[in-house]
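# Summary of the model geometry
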Amino acid sequence: MGDAVAINPFIILLAAIFTSNMVLANFLGMCSFIAVSNEYKTASGLGKAVTLVMVVTTILNWIIFRFVIIPLGLEYLRFIIFIVVIAATVQIIEMAMDRYLPELHIKLGIFLPLITVNCAILGISLFMIIRDYGAVQSLFFGVGSGLGWWLAICALAAIREKIAKNKLPLGLDGPGITFIITGIMALAFIGFAGTLIVQ
Amino acid sequence: MMGEIKQAMRRNLWDENQVLRQILGICSILAVTNLMTNTLVMGLGLIFVISLSSLTISLLRSYIPHRVRMIVQVFIIAAYVILVDIFIKAQLPEISKALGPYVGLIITNCIIMGRAEAYAQKNPPFLAMIDGFFAGLGYMLVILAISFIRELLGFGTIFGFDVNFIGFQTWTIMVMPPAAFFIIGVMTWAASSMRLSRQTLQKPSPAPTAAGQQASR
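The structure contained in this document is the topic of the report that follows. None of the values given here were measured: they were computed from a predicted structure. (Residues numbered from 1 in each chain as written. Chains lettered and ligands numbered in written order. Predicted model: local features only at pLDDT ≥ 70, side-chain atom pairs only at ≥ 80, totals over all residues. Heavy atoms only, no water.)

### A closer look at the overall build of chain B
- Per the secondary structure count, chain B includes 9 helices and 2 strands.
- For chain B, the succession of helices and strands along the chain, N to C, is α-α-α-α-α-α-α-β-β-α-α.
- In terms of overall size, chain B behaves like a compact globule, its C-alpha atoms giving a radius of gyration of 18 Å where 217 residues would be expected to give roughly 17 Å.
- If one aligns the C-alpha atoms of chain B with their principal axes, the spans along those axes are about 60 × 55 × 30 Å.
- A burial count over chain B gives 52% of its 217 residues as buried.
- Relative to all contacts within chain B whose residues are 6 or more apart in sequence, the contacts with residues 24 or more apart total 75%.
- Counting only carbon and sulfur atoms, one obtains 68% of the accessible surface of chain B, whose full area is about 10,100 Å².
- Side-chain charges of chain B comprise 16 positive and 9 negative groups, with the mean position of each set lying 10 Å from the other. (Helix = DSSP H or I, 4+ residues; strand = E, 2+ residues; numbered from the N terminus. Rg over C-alpha atoms; globule rule 2.2 N^0.38 Å. Buried < 20%, exposed > 50% of the residue type's maximum accessible area, 1.4 Å probe, protein only. Contact = heavy atoms within 4.5 Å. Areas by Shrake-Rupley, 256 points an atom, 1.4 Å probe, with all protein chains shown as cover. Lys, Arg positive; Asp, Glu negative; His and termini not counted. Charge placed at Lys NZ, Arg CZ, Asp CG, Glu CD.)

### What about the side chain of A:Thr182?
- Within the element layout of this structure, A:Thr182 appears in helix 9 (residues 175-190).
- You can call A:Thr182 buried: its relative accessible area is 0%.
- Setting aside residues no more than four positions away along its own chain, A:Thr182 makes contact with A:Leu24, A:Phe33, A:Ile34, A:Leu156 and B:Phe181.

### Considering the interface of chain A and chain B
- Taken residue by residue, the interface counts 44 residues in chain A and 46 residues in chain B.
- Interface area, chain A with chain B, both sides summed: about 3,700 Å², of which 83% is carbon and sulfur.
- Its largest share of buried area at the contact with chain B, chain A owes to A:Phe27, A:Phe79 and A:Phe179, together 19% of the area lost on that side.
- Between chain A and chain B we count 1 salt bridge in total.
- Between A:Arg78 and B:Asp85 there is a salt bridge, with the nearest N and O atoms lying 3.7 Å from each other.
- If you look at where chain A meets chain B, you find 1 residue pair in polar contact (both at pLDDT 80 or more).
- At the level of secondary structure, the elements contributing two or more residues to the side of chain A that touches chain B comprise helix 2 (30-35), helix 4 (78-100), helix 6 (111-116), helix 7 (119-130) and helix 9 of chain A. (Buried area = accessible area lost by both parts, 1.4 Å probe. Salt bridge = Lys/Arg side-chain N within 4 Å of Asp/Glu carboxyl O. Polar contact = N/O pair within 3.5 Å; in protein donor to acceptor, adjacent residues only side chain to side chain.)

### Details of the pattern of salt bridges
- Here the structure, examined in full by the defined rule, presents 4 salt bridges over all chains.
- B:Glu117 is the salt-bridge partner of B:Arg69, the closest N and O atoms lying 2.8 Å from each other. In this pair, B:Arg69 sits in helix 4 (residues 69-91) while B:Glu117 sits in helix 6 (residues 110-120), placing the two residues 48 residues apart along the sequence. Exposure class is identical for B:Arg69 and B:Glu117. Each is buried.
- A single network of salt bridges, built from pairs that share partners, joins A:Arg78, B:Asp85 and B:Lys89.

In structure tokens form, the structure reads like this:
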């Protein structure tokens, strides 16, 4: 973990998108990944919203962890503090969007409350601490993880749209086939493994 | 009373199994299931958190204002998760390292919020605790089954004991992420086709499956 300081932020960015993709390698954010991937358009909207929230909360949590939690010795309270930061950020982003970008708010609005309980967001903050990333590294990690999540959900939604009219065996449609598609996607992403080593 | 407990047991272990039927709590499931010991610790941690948070939420249900209930629920859940995290760190440091951030992620495990929303905030404390307990147990049984397959085929061991007597070549893929997706996919397939075929036997025209539509978090 001491080596983490030396890792180039760009490598972290690429690794977060490809080799250690949030969904396909770390299984984070699975619930909405499975539930909101019927349609390409909605999936892409959710992906954008997740990326936005992820970047903002990663930075905020890093600042709070470094300048508030560590000096006060409150490490054991970090789960509560992080989840409050995330919930508050989502609320503020939603209000700001409603005020200044009403069109975008209509498009992304329904997804924003869902994001509070998306495990990927909290997961990123916890990974960032465990791996001991610096400020720039955390920023790139947040951006990369968001983009990786977006890429994965768009790919899944596109595949699901394609196979929507195909006949499937009894009981396999819905979650069953989605898991299997995700498994095949994860297999494909293993192809990237070894090109970048971060963990 | 006994009838209600039995009902809660049946509902949570099979009829509405949180993992196989509602597709909730998948996030943490897949990541920790390559070793049975880790899985067992994770499952017990979740049972502890879900039972006690259901109890607490149910006790406080008439005092929590409806509009802020989500954040209050998250607070209650987070408090219990912190207890679990500290306990695991102190008593089982090795496993704590292996589980990494996933203990903290019990907070965002949709099963707990789901039971709080769907059951605990409308029912008396004791029943809510029983309901939470069995929901957690249903989750633990599923993840143990998945990790049994993954550990046996991936490492040739069960709970760390070598059972690979015949010199079977282990499958590396079973330890890696894709295998978890395949196994859970096949398990949900089996569970929903069993239910669908039972429905066809009872009624001439089965309703289309709605599982998965409810999973929204």
